[in-house]
Amino acid sequence: MPDPTPDPHRDVRPTLEAVAARAGVSRATASRVVNGGAGVRQPLVDQVRKAVEELGYIPNHAARTLVTRRNGAVAVIIDEPEFRVFSDPFFSRQIRGISRELNAHDAQLVLLLVEGSGDFDRVTRYLAGGHVDGVLAFSLHTDDELPAIIRRFRVPTVYGGRPQHAARGQGDPELPYVDCDNRGGAREAVRHLVALGRRRVAHIAGPRDQVSALDRIDGYRDALPDAAEELVVDGDFTTEGGARAMTELLDARPDVDAVFVSNDLMASGALRVLRERGVRVPEDVAVVGFDDMASVAEATEPPLTTVRQDVEGIGRLMVRLLMERLNSGTGAWPDSVITPTELVRRASA
């Protein structure tokens, strides 16, 4: 006689056939609904979805990929070392926006970090393997190999930040980007300092191999075309880089009475140096940052006046552009997007 005791190791997950039987449709119809196919009348779609919910059916990913030719995964590639990505709140906010929007589209995030030039081989192999439906890439540098790799494998991609080829006037409609108005925001920040009566306004710039930093330098020079060269000092978008740049600036120009800093982390380092040297902010030197990272700008002493960009919103927009392209029957790309900035006034200026 057969053993009536159920085998606890037997797979009792509901099958697609069970879903079709419960919904009263063919297996092919159930498969099209479950895997996102078209051509099924709405009443039948509703019946299948109800059956899926009642049975607790979980689609087989491999089978779904065969039907849709989609992996349900998107690679997020950041050309920065791990310590930068996990210590800078800018990256966590952008990744949060991307993750939330991908969740809304039932897609998985695959994070790829580029520590150095050797990592491009690893990224190349991964993209060549066809593991993802598209790429979201940001924090690119002027010598980046990533755009060439993406073109080589024709992976649908959206950039976070205006890439170098677009900055050179060589925009590619098949490589759209989402960015904030870096130049306009910088211009507004410097004009605010000038309106306060400041006459020796300096700029702590970001690394010049990144377009966002170059755009912010341009915004500074839009407002102060005759500013002396020694008033612009290079930083690296880190707190310590901002501190070093502020030290260099004070040593060269102790008469400076205002500083526009290219991001909030560097501004926090600059404020620390000013405080250590007994320079009052904003009485002696007014300071304005960029990004409006609340965890930084609201915690500095004094709280930081800064230019706000919607970092999380930019992440969401990147996903929406990519999904619009992936779901487009024509294969046409949507246009790139430049989002507005806003000056947020606090106590530092």
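Refer to the preceding data block for the structure.
Now for a description of the structure that goes with this document. (Residues numbered from 1 in each chain as written. Predicted model: local features only at pLDDT ≥ 70, side-chain atom pairs only at ≥ 80, totals over all residues. Heavy atoms only, no water.)

1. Quick look at the sheet that holds strand 1 (residues 73-78)
- A sheet is described by the order of its strands in space; here 6 strands give the open sequence 2-1-3-4-5-11, paired in parallel fashion. In the strand order of this sheet, the two ends are held by strand 2 (108-113) and strand 11 (337-339), each with one partner. Taken pair by pair, the neighbouring strands of this sheet meet at an average axis angle of 20°, ignoring direction.
- Of the pairings in the sheet, the one linking strand 1 to strand 3 (residues 134-138) comprises 5 bridges and is parallel in character. Along strand 3, the bridge assignment pairs Ala-75 with Val-135. (Pairing = 2+ DSSP bridges. Helix = DSSP H or I, 4+ residues; strand = E, 2+ residues; numbered from the N terminus. Axes fitted to C-alpha atoms, helices over the stretch in contact; angles between N-to-C directions.)

2. Description of unusual backbone geometry
- Note that the residue after Val-281, namely Pro-282, is joined by a cis bond; omega there is 10°.
- Summarising the element assignment, Pro-282 is placed in the loop between helix 13 (264-276) and strand 9 (286-291).
- Residue Glu-301 is joined to Pro-302 through a cis peptide bond whose omega torsion reads 0°.
- On the secondary structure map, Pro-302 appears in the loop between helix 14 (294-297) and strand 10 (305-308).
- A positive phi angle, close to 55°, is found at Asp-106, a residue other than glycine.
- As for its position among the elements, Asp-106 is in the loop between helix 6 (89-104) and strand 2.
- Note on Asp-106: relative accessible area 52%, which makes it exposed.
- At Asp-291, a residue that is not glycine, the phi angle is positive and equals roughly 120°.
- Considering the arrangement of structural elements, one finds Asp-291 in strand 9. (Buried < 20%, exposed > 50% of the residue type's maximum accessible area, 1.4 Å probe, protein only.)

3. Things to note about the pattern of salt bridges
- Going through the model one piece at a time under the given rule, you end up with 29 salt bridges.
- Here Glu-17 makes a salt bridge to Arg-27, at a shortest N to O gap of 2.7 Å. Taken together, the positions of Glu-17 in helix 1 (residues 16-23) and Arg-27 in helix 2 (residues 27-34) put the pair 10 residues apart, joining distant regions of the chain.
- Under the relative-accessibility criterion, Arg-27 is labelled partly exposed at 45%.
- Between Asp-234 and Arg-208 there is a salt bridge, and its shortest N-O distance comes to 2.9 Å. Here Asp-234 is found in strand 7 (residues 232-234), whereas its partner Arg-208 is found in the loop between strand 6 (201-205) and helix 11 (211-223), with 26 residues between them in sequence.
- Counted as one network, the salt bridges with shared partners bring together Arg-200, Glu-230, Arg-253, Asp-255 and Asp-257. (Salt bridge = Lys/Arg side-chain N within 4 Å of Asp/Glu carboxyl O.)

4. Considerations on the nonpolar core
- Core analysis: the largest hydrophobic core is formed by 72 residues, its most contacted members being Leu-136, Met-246, Val-259 and Val-287.
- With 8 residues, the single largest contributor to this core is helix 15 (residues 311-326).
- In this structure Leu-136 touches Val-74, Ala-75, Val-76, Ile-77, Ile-98, Val-158, Met-318, Val-319 and Leu-322, once residues within four positions along its chain are discounted. (Core = buried A, V, L, I, M, F, W, Y, C linked by side-chain atoms within 4.5 Å. Contact = heavy atoms within 4.5 Å.)

5. Brief notes about the packing of aromatic side chains
- Applying the stated criterion across every chain yields a total of 3 aromatic pairs.
- Their ring planes at 90° and their centres at 5.7 Å tell us that Phe-90 and Phe-91 sit as a pair that is edge-to-face. Both residues of the pair, Phe-90 and Phe-91, belong to the buried class.
- Geometrically, the ring pair formed by Phe-91 and Phe-138 is stacked, given 6.2 Å between the ring centres and 20° between the ring planes. One end of the pair, Phe-91, is in helix 6; the other, Phe-138, is in strand 3, with 47 residues separating them in the sequence. With respect to class, Phe-91 is no different from Phe-138; both count as buried.
- By way of ring pairs, the aromatic residues Phe-90, Phe-91 and Phe-138 are connected into one cluster.
- The aromatic ring of Phe-290 is capped on one face by Arg-216, whose charged end is 3.8 Å from the ring centroid. (Phe/Tyr/Trp six-rings, centres within 6.5 Å; stacked < 30°, edge-to-face > 60°. Lys NZ or Arg CZ within 6 Å of the ring centre and 35° of its normal.)

6. Points about the packing of helix 7 (residues 119-128) against helix 8 (residues 146-153)
- For the pair helix 7 and helix 8, the least separation of the axes is 10 Å and the interaxial angle reads 20°. Here helix 7 is positioned roughly parallel relative to helix 8, judged by the angle of their axes. Pair helix 7 / helix 8 crosses with right-handed handedness. Where helix 7 approaches helix 8, its residues Phe-120, Val-123, Thr-124, Leu-127 and Ala-128 are matched on the opposing element by Leu-146, Ile-149, Arg-152 and Phe-153.
- In terms of residue class, the contact of helix 7 with helix 8 is built from 7 nonpolar, 1 polar and 1 charged. (Parallel < 35°, antiparallel > 145°, perpendicular 65-115°, else oblique. Left-handed = near helix turned anticlockwise from the far one by under 90°. Nonpolar A, V, L, I, M, F, W, Y, C, P; charged D, E, K, R; others polar.)

7. Structural notes on the sheet that holds strand 12 (residues 342-344)
- The 6 strands lie next to each other as 7-6-8-9-10-12, forming an open sheet whose pairing is mixed. Each edge of the open sheet carries a strand with a single partner, namely strand 7 and strand 12. Taking each pair of neighbouring strands and ignoring which way they run, the sheet shows an average axis angle of 20°.
- Direction of pairing for strand 8 (residues 258-261) relative to strand 9: parallel, over a ladder of 3 bridges. If you follow Phe-260 over to strand 9, its bridge partner there is Val-288.
- Contacts between helix 11 and the sheet are confined to strand 6, strand 7, strand 8 and strand 9, with strand 6 contributing the most and set at about 170° to the helix.

From the geometry alone we can't say anything about function, so treat these as descriptive.
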